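# Remarks on the overall topology
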Amino acid sequence: MARTASCACGGLRVTCAAEPILVVQCHCLACQRRTGSPFGVAALFRREDVRAEGPDRCYERPSDSGVPVLFHFCPNCGSTVFREPRRKPDAVAVAVGTFADPGFPAPDQAIHGQHRHPWVGEPG
């Protein structure tokens, strides 16, 4: 089953040709700042199953573990669509909200719970 994710203006799209390996809810402070939300949710796919189309800009920053992550966002609307975690070079993480699919699989796990807002529940 192929799934397509896109930025707000539709200029940057990602097509994923398989189901996600893992869906993660991240409570780290960097994800909170990046999303403007109390957490970020990403679906990890095998790199070979992901095809990106359209212009993008990149921003690289260290993760909480210190390993860099490369973020791809739309140069027109600014939406972050996907990222490449350098510690998992065979994977691509796609922001779940960019699929705009309420039926998308729920997170399998949560990470960086020490930064979780007290009113946010755990996945599952």
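Everything below is about the structure printed above this text.
Predicted, not measured: the structure shown is a model, and the values here were computed from it.

Scanning the chain for helices and strands turns up one helix and ten strands. Counting from the amino terminus, the chain carries its helices and strands in the arrangement β-β-β-α-β-β-β-β-β-β-β. Against the globule reference of 14 Å for 124 residues, the chain gives a C-alpha radius of gyration of 14 Å, in line with a compact fold. Dimensions along the principal axes, computed over C-alpha positions, put the chain at roughly 40 × 30 × 25 Å.

What follows is about the packing of aromatic side chains. What the rule picks out here adds up to two aromatic pairs. Ring centres of Phe45 and Phe99 lie 6.1 Å apart, and the angle between their planes is 50°; this geometry places the pair in the tilted category. Remark: Phe99 occurs in the loop between β9 (91-95) and β10 (109-111) and Phe45 occurs in strand β4 (residues 40-46); sequence separation between them is 54 residues. Phe45 sits in the buried class, given a relative accessible area of 0%. A residue is classified by how much of its surface remains accessible, and Phe99, at 8% relative accessible area, is buried. Judged by centre distance (4.7 Å) and plane angle (20°), the rings of Phe99 and Phe104 are stacked. Members of the aromatic cluster, connected to one another through ring pairs, are Phe45, Phe99 and Phe104.

Conventions adopted
- Residue numbers here run from 1 along each chain, matching the order of that chain's written sequence.
- A pLDDT threshold of at least 70 governs which residues receive local features in this predicted model, and a stricter bar of 80 or more applies before side-chain atom pairs are shown or counted, although totals over entire chains, interfaces and linings include all residues.
- Based on all heavy atoms of the structure, the side-chain values leave hydrogens and waters out of the count.
- A run of H or I in DSSP becomes a helix once it reaches four residues, and a run of E becomes a strand once it reaches two; helices and strands are each numbered from the N terminus.
- Atoms considered for the radius of gyration are the C-alpha atoms alone. The globule rule reads 2.2 Å times the number of residues to the power 0.38.
- Centre distance within 6.5 Å is the pairing criterion for rings of Phe, Tyr and Trp, where only the six-membered ring of Trp is used; planes under 30 degrees apart are then read as stacked, over 60 as edge-to-face, and the remainder as tilted.
- Relative accessibility under 20% of the residue-type maximum defines a buried residue, over 50% an exposed one, and the middle range a partly exposed one, all with a 1.4 Å probe and only protein chains included.

Scope: geometric values only; no functional claims are made or implied.
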